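# Structure assessment
Below are the chains, spelled out letter by letter.
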Amino acid sequence: MMSLEVAVAAAMFVGVVAYAVLGGADFGSGFFDLTAGSSRRGAEMRTLVDHSIGPVWEANHVWLIYVLVIWWTGFPESFAAAMTTLVLPLLLALLGIVLRGASFAFRKYSATLGQARLFGVIFATASILTPFFLGTVAGAIASGRVPAEGVGDRWSSWLNPTSIFGGLIAVGTCAFLAGVFLAADAARSDKVRLAEDLRLRALVVGAVTGVVVLVALVPVSEDAPTLSEGLAGRAAALVVVSALAGTATLWLLWERRYSLARWPAVVAVASVVSGWGVAQYPWLLVDEVRIVDAAGASATLQALLVAVGLAVVVVLPPLAYLLRLTQSEEWSRH
Amino acid sequence: MMPALLADTVQLVATVEPEGLLPARQQMALSLGWHIVLACFGVAFPAMILVMHLRGIRRDDPVALELAKRWSKVSAVLFAIGAVSGTVLSFEMGLLWPGLMGTYGDVLGLPFAFEGLSFFVEAIFLGIYLYGWGRMPPKRHVLMLVPMAIAGVVGTFCVLAVNAWMNAPAGFRLVDGQVTDIDPWAAMFNDQVWLQFAHMWVAAYMVVGFSVAGVYAVGMLRGRRDEHHRLGFIVPFVFATVAALTQPFVGHLLGGGLDERQPAKLASFELADTTESPSPLRIGGIYVDGEVRGSIDIPVLGSVIAMSSLSDPVPGLDEIPEEDRPPVNLTHWAFQSMVGIGTLLAASVSLFWFLRWRGRNLLERRWFLRFVSISGPLAVLALESGWIATEVGRQPWIVYGFMRTEEAAGDYSGLWWLLGTTAVVYAAMTAGAVVVLRSMARRWRAGETDLPSPYAPQTVGERTNTLRSSSPPLRSSEQLRGDPE
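Residues numbered from 1 in each chain as written. Chains lettered and ligands numbered in written order. Predicted model: local features only at pLDDT ≥ 70, side-chain atom pairs only at ≥ 80, totals over all residues. Heavy atoms only, no water.

Below, the discussion takes up helix 6 (residues 113–142) of chain A. Residue and element names in this part refer to chain A. When the terminal C-alpha atoms of helix 6 are compared, their 44 Å separation across 30 residues agrees well with the 44 Å that a helix rising 1.5 Å per residue should span. For helix 6, the tally of buried residues reaches 22 of 30 residues, placing the bulk of the element in the interior. Directly beyond the C-terminal end of helix 6, a positive phi value near 70° is found at Gly144. (Helix = DSSP H or I, 4+ residues; strand = E, 2+ residues; numbered from the N terminus. Expected span 1.5 Å × (residues − 1). Buried < 20%, exposed > 50% of the residue type's maximum accessible area, 1.4 Å probe, protein only.)

Pasting the structure below:
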């Protein structure tokens, strides 16, 4: 029987995974937007990006708020500890979120090409930087650099091997996911040339990300022993699933079966992120605070589970409806 | 007013303890003060669009449908920047106030969780609604606004629950400095939540109603007198009217009992230096060295309004220790600005409907249109003033009677840099929004309906050509419905 504390932590972590998959896919589209080329050549790609994430980016983004809220409500002291220690990468990520969201909305309704280009560059750059900083935050927690009492080192807490690799892997997985989804969108709306282009880029991004993950294993095992132990032990199955799913995605992309490739891509990202969570269990802040010790009042945890239950009933069905619509034929036709 | 505010600022600088407190407060003030305006649009705009869209469908009215469509695009831009500025706030809760969140996070967090849910619902249905134009059966499409409107209301309630809790803490006990016996539901449904929520909810309708009506008043001033402008004016103006006439009552109810709950705040609102029976109503004036200067005093009225009595005195500042007083002048002026502007707006809508009932139409009068065109900014000013009055008036407490604001702030250096950066980013975001919204309006006036984004030089060229070749008249509702993005 799962304890109350762990149930809440699990609910919070579901939010992390959802944000990584859904938010990740739309952060990653910034990579393709930025590298689409000149305004004439890249127009088709940018229109596709706009069309693909336009209806969903705000909803996808709410997962982050969900995670923050559960964290500060369920585990208030550890939240304050992480915030005071990781103030810099969090502020940088926040800056990215602000610039990206605003400029994405502005670009859609720009009057001139000049405006659209300015907003577009801000959107795309911020979309790449934001997951990097969020990745460093994950690395900081996973490598035990957030002290229980807070106010850890402002710089070394997130400028270290685990954090840097965490950031790079976050950027890579976001771009990979986005590539797969954009390729499927392009193929669905019969943009063959664009789908080909995306296929090639996604294959490269996927391969590079895979290599980065493998390379990271060595320094991370030195730098974050508790995490590595967990990854090799309790979370090993998830790591294997992730690797297999990643490979399957690459193969399906290669075979141009775009719509099918979306599923293993989601599994690959979801399982690698879950792998991190399972590997650092039972720690909330690795080597510092366990989940059970970090939890706030039981009455609050119960109330939070009520909120989570409501979310399942109230939020998930319309969210599924929205995602289904955006992945459907009729919404793909312009 | 300025010297008084300056004096308060100096007092603030002189008394703040941790290095991070003052910039943290300014940072919160800037980001929250900015967000609160957009939040109003998230709360009130869906209901106005719903009314307009329903009219369009029921009466097969192409003008109403076109307005609903345009408003939905405006709301998309505002909602997007509201979403990011709201995210800023959720980070700032932890970054700026670790003392508050670390100690009371599990007491006050629950309403935030429900707020997150309602925001989720709103974001999802906004996505469906915006992209549903021309892609969904009209009857189902218009229904997508209903959950948005409801979510806006629930979200307002939740956010105000947290604020009301800070003003009237409930749902926990403090034993030897430890927070125990936490009941998050009692914290959420504290004594003040319903009235604070009502006050803010109505305020949102005032802000959005007057702002949108003002846009069409400007159009009428420039000689645009078509059905589009008439309808675009009257629907938000009706919302604004109901809100402006309701607000004084809600505000008065909210103020009831303030003498017992937060006497220092009430004394500051009323600029009561000493406890007098009966108390005068003080208009204007500043509080310097324990005395009130330059105010216009109306005898007895202070007791009548604040205490609902002919003789009960408003508690005076002299009864409150200096370290427990809020910045008096700022609180007083903010409160009076809110009340003054609110009264002006209520009077103006009353005048409009009264004269209309007598057969005279103020929309023919340029002075009235000019007034309506600044009524939106005035409502925003009243909103900000009201918020300053309640928040600054609560100082020096962040959790009234339990935690002082200085205990909640983090001990950072460099927060001034953060504040500077935030000011620059928010200024840029405001400028971007203004540029984009103005260009949308301009292109709509020029006859474009779909506003394709120019991602390539070619697209721009094509767009200009279609513009030049034909400036299409208003389309029929059938075409509009089948109109793809």
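Moving on, there is more to tell.
Take the packing of helix 1 (residues 4–34) of chain A against helix 3 (residues 57–74) of chain A next. Residue and element names in this part refer to chain A. The interhelical angle for the contact between helix 1 and helix 3, taken along N-to-C directions, is 155°, at an axis separation of 8 Å. Between helix 1 and helix 3, the angle is such that the two are roughly antiparallel. As for how helix 1 packs across helix 3, the hand of that crossing is left-handed. Judged by residue contacts, Val8, Ala11, Met12, Gly15, Val16, Ala18, Tyr19, Leu22, Gly23 and Asp26 of helix 1 engage Trp57, Asn60, His61, Trp63, Leu64, Tyr66, Val67, Ile70 and Trp71 from helix 3. Looking at the contact of helix 1 with helix 3 residue by residue, the classes come out as 14 nonpolar, four polar and one charged. (Axes fitted to C-alpha atoms, helices over the stretch in contact; angles between N-to-C directions. Parallel < 35°, antiparallel > 145°, perpendicular 65-115°, else oblique. Left-handed = near helix turned anticlockwise from the far one by under 90°. Contact = heavy atoms within 4.5 Å. Nonpolar A, V, L, I, M, F, W, Y, C, P; charged D, E, K, R; others polar.)

Before going further, it helps to spend a moment on the interface of chain A and chain B. With 71 residues of chain A at the contact, the number on the chain B side is 68 residues. Together, the buried faces of chain A and chain B total about 6200 Å²; carbon and sulfur atoms form 76% of this surface. On the chain A side of the interface with chain B, the three residues burying the most area are Trp72, Phe106 and Tyr109 of chain A, jointly 13% of the side's total. The tally of links from chain A across to chain B stands at zero salt bridges. Where chain A meets chain B, there are nine residue pairs in polar contact (both at pLDDT 80 or more). Contributing elements (two or more residues each) for the side of chain A that touches chain B: helix 2 (43–53), helix 3, helix 4 (76–85), helix 5 (87–108), helix 6, helix 13 (298–314), helix 14 (316–326) and helix 15 (329–332) of chain A. (Buried area = accessible area lost by both parts, 1.4 Å probe. Salt bridge = Lys/Arg side-chain N within 4 Å of Asp/Glu carboxyl O. Polar contact = N/O pair within 3.5 Å; in protein donor to acceptor, adjacent residues only side chain to side chain.)

With that out of the way, let us pick up the nonpolar core. The nonpolar side chains of a soluble globular protein tend to be buried, and buried together. Ranked by size, the top nonpolar core spans 240 residues in total, and within it Phe75 of chain A together with Trp97, Leu100, Tyr104 and Phe233 of chain B carry the most contacts. Apart from residues no more than four positions distant in its own chain, Trp97 of chain B is found in contact with Leu21, Ala24, Arg25, Met28, Glu92, Ile398, Thr405, Ala408 and Ala409 of chain B. (Core = buried A, V, L, I, M, F, W, Y, C linked by side-chain atoms within 4.5 Å.)

On to empty space enclosed by the protein, then. Counting across every chain of the model gives seven cavities of 30 Å³ or more. Approximately 180 Å³ is the volume found for the largest cavity. Lining the largest cavity are 17 residues, with Gly54 and Lys108 of chain A together with Ala76, Leu130 and Tyr131 of chain B sitting closest to its centre. Looking at the lining of the largest cavity, the elements that each hand over two or more residues are helix 3 and helix 5 of chain A together with helix 3 (62–96) and helix 4 (98–132) of chain B. Looking at the lining of the largest cavity element by element, the count peaks at four residues for helix 4 of chain B. (1 Å grid on protein atoms, 1.4 Å probe; cavity = no way out; pocket = protein on both sides within 12 Å on 5 of 7 lines; lining within 4 Å. Points joined across faces, edges and corners; volume = space filled by probe spheres on them.)

Quick look at the environment of Arg234 of chain A now. Residues and elements named next belong to chain A. Inspection of the secondary structure puts Arg234 in the loop between helix 9 (225–232) and helix 10 (236–254). As for Arg234 and Ser156, which are separated by 78 residues in sequence, their C-alpha atoms are 28 Å apart. A distance of 3.1 Å separates the side chain of Arg234 from the backbone oxygen of Val278, its partner in a polar contact.

At the junction of Tyr281 of chain A and Pro282 of chain A, the peptide bond is cis and its omega measures out at 5° in the coordinates. Cis geometry is found at the peptide bond from Gln395 of chain B to Pro396 of chain B, where omega equals 5°. Its place among the elements puts Pro396 of chain B in the loop between helix 14 (366–392) and strand 7 (397–399). At Asp60 of chain B, a residue that is not glycine, the phi angle is positive and equals roughly 55°. With respect to the helices and strands, the residue Asp60 of chain B is situated in the loop between helix 2 (21–58) and helix 3. Phi angles above zero are rare outside glycine, and Asp176 of chain B is one such case at about 50°. Here Asp176 of chain B lies in the loop between strand 1 (173–175) and strand 2 (178–180).

The quantities given are spatial measurements derived from coordinates; they are silent on function.
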